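If you want the building blocks of each chain, they are given just below.
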2 protein chains.
Amino acid sequence: MATMKRKATINDVARVAGVSKGLVSFALNDRPGVSAETRDRILAVARELDYRPSVSARSLSTRTSYAFGLVIARDPEILGADPFFPSFIAGVERVLTTEGRALVLSVVSDEQHEATVYRTLAADARVDGVFLTDLRHDDPRLALLQELGMPAVTLGRPATSRAQESADPSLTGPSPFPAVVLDDTEGVAALAQHLLDLGHRRIAHVTGPRRMQHATRRGEAFARTLDAAGVASDLVLETDFTAAAGASATDRLLALADAPTAIVYGNDPMAIAGIGIAHERGLRVPDDLSVAGFDDSELARYVYPSLTSVRTDPLSWGESAARMLLRLLAEGHADDIELEPAHVVVRASTGPVRTRATA
Amino acid sequence: MATMKRKATINDVARVAGVSKGLVSFALNDRPGVSAETRDRILAVARELDYRPSVSARSLSTRTSYAFGLVIARDPEILGADPFFPSFIAGVERVLTTEGRALVLSVVSDEQHEATVYRTLAADARVDGVFLTDLRHDDPRLALLQELGMPAVTLGRPATSRAQESADPSLTGPSPFPAVVLDDTEGVAALAQHLLDLGHRRIAHVTGPRRMQHATRRGEAFARTLDAAGVASDLVLETDFTAAAGASATDRLLALADAPTAIVYGNDPMAIAGIGIAHERGLRVPDDLSVAGFDDSELARYVYPSLTSVRTDPLSWGESAARMLLRLLAEGHADDIELEPAHVVVRASTGPVRTRATA
DNA sequence: GAGACGAACTGAACCGGTTTAGAACGAAAC
DNA sequence: GTTTCGTTCTAAACCGGTTCAGTTCGTCTC
């Protein structure tokens, strides 16, 4: 078209509708004090002019950015191997786009830098709230976000730590933020039981970083199940979630005098790397070694042998978290949500224990 | 502290420094018309008050959002398996955080929805520019972004298509946007040559979607190398980049009467799935079948057998793209950048061809 | 010494919304 | 018929920056 039409502003709508711009604002925001007739006229004009309120103008006067933030503190390498975040983000996005909000993403490699990012996000009022993932023990972000007055939703309910219990009573008690909870202990326990049922009595656990709550929570669920069966639960190796670490942990485990007959990993990439190491050492999976992962990434189904894993649903986790954050901002509070718990997906990488020929 | 100190505004700075707020603005933005002495005083006061300009206020008056956008149109499943984006984003972030800009991310599952997202981003002035990844043939986004007047940087130089050449001359010619180019044809050609050198004469190519420029570009480089050696280059299967598609393509290839002795895949997850299928069919890699991937994800080194792949550098791709977009906005134009080309990383999944025992 | 000029600075408009104080007006109350 | 009240609406302030027209003042020119 020849005439470059500028974006219509609230003034244009007011002029055409023959009212003051204040009234247009009222009408558009569904606030009382506007007659039904006038409201309809204003809405009609707005539609006619294809009016869309300016986000920046609105942000300035309401001190609201209409955006949510997600700060991920992980090494890009690990991030790339882990299918969780892309799916989680897709779920978040699915909700936000329909609500006219945007997602501001920050990837920082070290946790030191993390606080700066949150502070900047808050100081610049870039976001109205954030998603807190990868909860850590005594997570400094909880206090930081409270200090900044930044609304947040946590993925999983932060465990009250020893440190918090003994410290300032005002800090004790439930989390200051609502949580979207996806119980993964059930799935982990079921996985442990599955291995026990297969006859395994020497089972190792290659976990993620101990400072992450989900790592220890799963570790405990795992150990509990083994203990209940009278099986030792001491074979635990901590890693940083990289395939490299998974491989190295596997190497160490298989070099032991009483090497495990089954290894459970904190994520799928490590498990896949573990299978690789087993093969390299001439072991067959699952005949000589059972292997299981966590997250049930797409690849799990297609590696050889196909990988037993624990399935979570990051997509609906993202959806729920986004909806919860919206509710928190709209109503000032939100109740915790429990999602469908994780469950085991048994595939070919786990099988009955066999006494080694060489044993 | 007891006194809740509100954020300092430009008015506070002006008042304390004893000047008008206009002058403060000039001083802070390094514009002429401020004496050195006054400038120093203003800057000192600003630092003293811990003044940070309000992004929303600035956005409103400058019509600039100080944010860049990345719209990814991929199924979350594929996204999760593909290590490219997390690394790319980390690279982008590395540059943006030091520049006080944010990254607005959008994940859409279908390409239909894509245009809406770009239009919304533009209409709401959420971002000042965008990164264009996964360039397609006759990519509708190029025209769309031009129409929207949205600055952009492309990953890879868009190939001038047949359609464009024959159409409106104004559309022909070089891309309207600067590009960060990472030549992957060289690496693909080297990979093909590597397989030829190993004696393979029946080599298949499992590519990504044909509508993606990088898929066809690599396909051509691959075919050219085979053709030059007098080897047939007709074994090409198109997939959607999922491990599932990689597995199914492998199944079909290995069922052929004259099955390939080597298969090259468009990404690592497909290649890993391919190895799985080969194993399932009782073939050994690389003895019976050589396999190679693309992207050289972390996992490639740790699967069994370790995967020959082509290494790109998404992290520095992200850094360069971010810097280029900044320059484009600051100076109105930016020259294309050529990054270090991709190169083959030979591992254990490719080996000399062996005539099959059953052949 | 008058005029021109440039540097330093001020005041106000402006970006496009929201919000509040208060005006106008009709209806109900007494 | 006046007072009171509630509804509908307007005008203007406000959010916190940028920008532009114009004022002030010192210096240079002839």
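See the structure above.
Rules used in this analysis
- Residues numbered from 1 in each chain as written.
- Chains lettered and ligands numbered in written order.
- Predicted model: local features only at pLDDT ≥ 70, side-chain atom pairs only at ≥ 80, totals over all residues.
- Heavy atoms only, no water.
- Helix = DSSP H or I, 4+ residues; strand = E, 2+ residues; numbered from the N terminus.
- Expected span 1.5 Å × (residues − 1).
- Buried < 20%, exposed > 50% of the residue type's maximum accessible area, 1.4 Å probe, protein only.
- Contact = heavy atoms within 4.5 Å.
- Least-squares fit on C-alpha atoms with pLDDT ≥ 70 in both.
- Buried area = accessible area lost by both parts, 1.4 Å probe.
- Salt bridge = Lys/Arg side-chain N within 4 Å of Asp/Glu carboxyl O.
- Polar contact = N/O pair within 3.5 Å; in protein donor to acceptor, adjacent residues only side chain to side chain.
- Nonpolar A, V, L, I, M, F, W, Y, C, P; charged D, E, K, R; others polar.
- Pairing = 2+ DSSP bridges.
- Near = heavy atom within 4 Å.
- Axes fitted to C-alpha atoms, helices over the stretch in contact; angles between N-to-C directions.
- Lys, Arg positive; Asp, Glu negative; His and termini not counted.

Undergrad: Got a minute to help me understand helix α14 (residues 314-331) of chain B in this structure?
TA: Residues that lie three or four places apart on an α-helix share one face, since the helix turns once every 3.6 residues. Residue and element names in this part refer to chain B. The terminal C-alpha atoms of α14 lie 25 Å apart, and with 18 residues this matches the ideal 26 Å at 1.5 Å per residue to within 8%. Of all the residues in α14, the buried ones are Pro314, Trp317, Gly318, Glu319, Ser320, Ala321, Ala322, Met324, Leu325, Leu326 and Leu328. Summarising the contacts, the buried residues of α14 are in contact with β1 (67-73), α6 (84-96), β3 (129-132), β4 (152-155), β5 (179-181) and β11 (337-338). Of the residues flanking the end of α14, it is Gly332, one or two places downstream, whose phi is positive at about 85 degrees.

Undergrad: Got a minute to help me understand the relation of the copies chain A and chain B in this structure?
TA: Two chain copies, one operation linking them: a rotation about an axis together with a shift along it. Between the two copies, chain A and chain B, the superposition gives an RMSD of 0.1 Å; the rotation angle is 180 degrees and the shift along the axis is 0.1 Å. Read as a symmetry element, the transformation amounts to a two-fold axis. The C-alpha atom lying nearest the rotation axis in chain A is that of A:Val104; the distance is 2.3 Å. A shared binding surface is used by both copies, with 100% of the interface residues of chain A retained as interface residues in chain B.

Undergrad: What's the story with the interface of chain A and chain B in this structure? I'm lost.
TA: Contact with chain A, which involves 51 residues of that partner, is made by 51 residues of chain B. Across the chain A/chain B interface, buried area totals approximately 4,500 Å², and carbon plus sulfur atoms make up 60% of it. Counting across the chain A and chain B interface gives 2 salt bridges. Two residues, B:Arg52 and A:Asp124, come together in a salt bridge whose shortest N-O distance is 2.6 Å. In this assembly, chain A and chain B are joined by 18 residue pairs in polar contact (both at pLDDT 80 or more). Listed by contribution, the elements that provide at least two residues to the side of chain A that touches chain B are α4 (55-62), α5 (76-81), α6 (84-96), β2 (102-108), α7 (111-123), α12 (243-254) and α13 (268-280) of chain A. Partitioned by chemical class, the residues of the side of chain A that touches chain B number 29 nonpolar, 12 polar and 10 charged. Taken together, the 3 bridges between β2(A) and strand β2 (residues 102-108) of chain B define a ladder with antiparallel strand orientation. If you follow A:Leu103 over to β2(B), its bridge partner there is B:Leu105.

Undergrad: Would you explain the protein's contact with DNA strand C in this entry?
TA: Residues in close proximity to DNA strand C total 28 residues, the closest being A:Ile10, A:Lys21, A:Ser25, A:Arg31 and B:Thr38. Within the side chain of A:Lys21, an N or O atom sits 2.7 Å from a base nitrogen of DNA strand C. Within the side chain of A:Ser25, a nitrogen or oxygen atom sits 2.5 Å from a phosphate oxygen of DNA strand C. Those elements that place two or more of their residues in the surface near DNA strand C are α2 (21-28) and α4 of chain A together with α4 (55-62) of chain B.

Undergrad: What's the story with the sheet that holds β11(B) in this structure? I'm lost.
TA: By way of backbone hydrogen bonds, the strands of a sheet pair with one another, either parallel or antiparallel. If you trace the 12 strands from one edge of the open sheet to the other, you get β11(A)-β5(A)-β4(A)-β3(A)-β1(A)-β2(A)-β2(B)-β1(B)-β3(B)-β4(B)-β5(B)-β11(B), paired in mixed fashion. The strands lining the two open edges of the sheet, one partner per strand, are β11 (337-338) of chain A together with β11 of chain B. Sitting on the sheet, α7(A) touches β1 (67-73), β2 and β3 (129-132) of chain A, and the angle it makes with β1(A) is about 170 degrees. Its contacts with the sheet put helix α8 (residues 140-148) of chain B on β3 and β4 of chain B, and the angle it makes with β3(B) is roughly 170 degrees.

Undergrad: Just checking my understanding: could you explain the protein's contact with DNA strand D for this structure?
TA: As a matter of local geometry, DNA strand D sits amid 28 residues, with A:Thr38, B:Ile10, B:Lys21, B:Ser25 and B:Arg31 nearest to it. The sugar and phosphate moieties of DNA strand D supply 66% of its atoms located within 4 Å of the protein. At 2.8 Å from a phosphate oxygen of DNA strand D is found a main-chain nitrogen or oxygen belonging to A:Ser20. Within the side chain of B:Ser25, one N or O atom sits 2.5 Å away from a phosphate oxygen of DNA strand D. Among the elements of the structure, α4 of chain A together with α2 (21-28) and α4 of chain B are those that each provide at least two residues to the surface near DNA strand D. When residues in the surface near DNA strand D are grouped by element, the largest group, 5 residues, is from α4(B). Residue classes in the surface near DNA strand D are distributed as 10 nonpolar, 13 polar and 5 charged.

Undergrad: I would appreciate a short explanation of the pairing of β1(B) in the present structure.
TA: The side chains of a regular strand alternate, first on one face of the sheet and then on the other. Residue and element names in this part refer to chain B. Burial within β1 is extensive, with 7 of its 7 residues counted as buried. The alternating pattern of β1 places Ala67, Gly69, Val71 and Ala73 on one face and Phe68, Leu70 and Ile72 on the opposite face, and all of these are buried. In terms of strand pairing, β1 meets β2 through 7 bridges, oriented parallel. Residue pairing for β2: Gly69 is matched across the bridge by Val104.

Undergrad: I would appreciate a short explanation of the sheet that holds strand β7 (residues 236-238) of chain A in the present structure.
TA: Residues and elements named next belong to chain A. Read from one edge of the open sheet, 4 strands run β7-β6-β8-β9, paired in parallel fashion. Since the sheet does not close on itself, it has two edges, and those belong to β7 and β9 (290-292), each with one partner. The average undirected angle you get between the axes of adjacent strands in this sheet is 15 degrees. Examined bridge by bridge, strand β6 (residues 203-207) and strand β8 (residues 262-265) share 4 bridges and lie parallel to one another. Across the sheet, the residue bridging to Ile203 is Ala262, located in β8. Packing against the sheet, helix α10 (residues 185-197) makes contact with β6, β8 and β9, and its axis sits at approximately 170 degrees to β8.

Undergrad: I keep staring at the environment of B:Ile263 and nothing clicks. Help me out?
TA: All names here are of chain B. Examined against the element boundaries, Ile263 turns out to sit in strand β8 (residues 262-265). Residues Ile263 and Val291, 28 residues apart in the sequence, show an inter-C-alpha distance of 5.1 Å. When near neighbours in sequence (up to four residues on either side) are disregarded, Ile263 contacts Ala204, Val206, Thr250, Leu253, Leu254, Leu289, Ser290, Val291 and Ala292.

Undergrad: Can you help me understand the side chain of B:Glu298 in this one?
TA: With respect to the helices and strands, the residue B:Glu298 is situated in the loop between β9 (290-292) and β10 (309-311). Of the side chains with opposite charge, B:Arg301 lies nearest to the buried B:Glu298, which makes no salt bridge, at 6.6 Å. Only 3.1 Å separates the side chain of B:Glu298 from the backbone nitrogen of A:Ala243, close enough to count as a polar contact. Among all residues touching B:Glu298, those that are not within four sequence positions of it are A:Glu77, A:Ala81, A:Thr242, A:Ala243 and A:Ala244.

Undergrad: How should the pattern of salt bridges be read in this particular structure?
TA: Opposite charge on two side chains makes pairing possible when the charged atoms of those side chains draw close. Going through the model one piece at a time under the given rule, you end up with 48 salt bridges over all chains. A:Asp336 is paired through a salt bridge with A:Arg157; the nearest N and O atoms lie 2.9 Å apart. Pair noted here: A:Asp336 is in the loop between α14 (314-331) and β11 and A:Arg157 is in the loop between β4 (152-155) and α9 (162-166), with a separation of 179 residues, a long-range link. Exposure remark for A:Arg157: the relative accessible area of 40% places this residue in the partly exposed category. The partner of B:Asp128 in a salt bridge is B:Arg101, with the nearest N and O atoms 3.8 Å apart. Residue B:Asp128 is located in the loop between α7 (111-123) and β3, and its partner B:Arg101 is located in the loop between α6 and β2; the two are separated by 27 residues in the primary sequence. Residue B:Asp128 is classed as buried on the basis of its relative accessible area of 11%. Connected via shared salt-bridge partners are A:Glu111, A:Glu114, A:Arg136, A:Asp139, A:Arg141 and A:Arg211.

These results come straight from atomic positions and should not be treated as a statement about function.
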